[in-house]
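This is what each chain is made of:
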Amino acid sequence: MIAITTDPIDVASALKLLQASEAGAIDLFLGVVRDNTQERPVDHLQYEAYDRMAISEMQKIMDEAHQRWQLLRHVVIHRKGTLRIGEIAVLIGVATPHRADAFDATRYVIDTIKQTVPIWKKEIFTDGEVWVNATP
């Protein structure tokens, strides 16, 4: 499953999608909105995405991950819209027979998403705002 959503991310539902009897490891990464960036207080974040292209790019990333590691199942969900402190911005989940593949694949997926997928983040501070990585 790969999705872009304006709705809160349901971790329990994602976990259910990852469960497989042959999986010895399920790794979940949750990217969460924090209250500061470089010691500047953050009020909230605003995410924008080119949905169709973002989903296509995330599928390419998952295809590559399936080539590199023995993934049994995967879930990638990214929020867009306004997110408040503590909300989940992104969930990456993989199920594999062994933990090393789960850890390695999850890191690869989130790192590559941040580098290549057309999702843009604006940080709104109490004293201004800034686009982060305005060009993926």
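Residues numbered from 1 in each chain as written. Predicted model: local features only at pLDDT ≥ 70, side-chain atom pairs only at ≥ 80, totals over all residues. Heavy atoms only, no water.

A. Quick peek at the packing of helix α2 (residues 51-68) against helix α3 (residues 99-116). For the pair α2 and α3, the least separation of the axes is 10 Å and the interaxial angle reads 150°. The two elements α2 and α3 cross, and the hand of that crossing is right-handed. Every residue of α3 that contacts α2 at Glu-57, Met-58, Ile-61, Met-62, Glu-64, Ala-65 and Arg-68 is listed here: Tyr-108, Val-109, Thr-112, Ile-113 and Thr-116. Residues that form the contact of α2 with α3 fall into these classes: 7 nonpolar, 2 polar and 3 charged. (Axes fitted to C-alpha atoms, helices over the stretch in contact; angles between N-to-C directions. Helix = DSSP H or I, 4+ residues; strand = E, 2+ residues; numbered from the N terminus. Left-handed = near helix turned anticlockwise from the far one by under 90°. Contact = heavy atoms within 4.5 Å. Nonpolar A, V, L, I, M, F, W, Y, C, P; charged D, E, K, R; others polar.)

B. Quick look at the pairing of strand β9 (residues 128-132). Here strand β8 (residues 119-125) pairs with β9 via 5 bridges, running antiparallel. If you follow Phe-125 over to β9, its bridge partner there is Gly-128. Adjacent in sequence and paired antiparallel, β8 and β9 are bridged by 2 residues. (Pairing = 2+ DSSP bridges.)

C. Broad picture of the pairing of β8. Burial within β8 is extensive, with 6 of its 7 residues counted as buried. Summarising the sheet, strand β4 (residues 40-49) and β8 pair through 7 bridges and their orientation is antiparallel. Bridging from a neighbouring strand, Ala-49 pairs with Ile-119 of β8. (Buried < 20%, exposed > 50% of the residue type's maximum accessible area, 1.4 Å probe, protein only.)

D. Representation of the sheet that holds strand β5 (residues 73-79) in the model. Read across the open sheet, the 4 strands follow the order β1-β5-β7-β2; overall the sheet is mixed. A single partner strand is all that each edge strand has here, and the edge strands are β1 (2-5) and β2 (25-32). Each adjacent strand pair in this sheet contributes to an overall mean axis angle of 10°, direction not counted. Two elements, β5 and strand β7 (residues 88-96), share 6 bridges in a ladder whose sense is antiparallel. Directly across from His-78, in β7, lies its bridge partner Val-90. Across the sheet, α2 lies against β1, β5 and β7, angled at about 150° from β1, the strand it touches most.

E. Structural context of the nonpolar core. Residues Met-58, Met-62, Val-76, Val-109 and Ile-113 are the most contacted members of the largest nonpolar core, which totals 30 residues. Taken together, the elements giving at least two residues each to this core come down to β1, β4, α2, β7, α3 and β8. When residues in this core are grouped by element, the largest group, 6 residues, is from α3. Ignoring any residue separated from it by four or fewer positions in sequence, one finds Val-76 in contact with Met-1, Ile-2, Ala-3, Met-58, Met-62, Leu-91, Ile-92, Val-109 and Ile-113. Counting residues in each nonpolar core, the second largest holds 7 residues, with Ile-9, Ala-14, Val-75 and Ile-77 among its members. (Core = buried A, V, L, I, M, F, W, Y, C linked by side-chain atoms within 4.5 Å.)

F. Spotlight on the environment of Met-62. Inspection of the secondary structure assignment puts Met-62 in helix α2. Considering only alpha carbons, one finds Met-62 and Thr-112, 50 residues apart in sequence, at a separation of 10.0 Å. Setting aside chain neighbours within four positions, we find Met-62 in contact with Ile-2, Leu-71, His-74, Val-76, Val-94 and Val-109.

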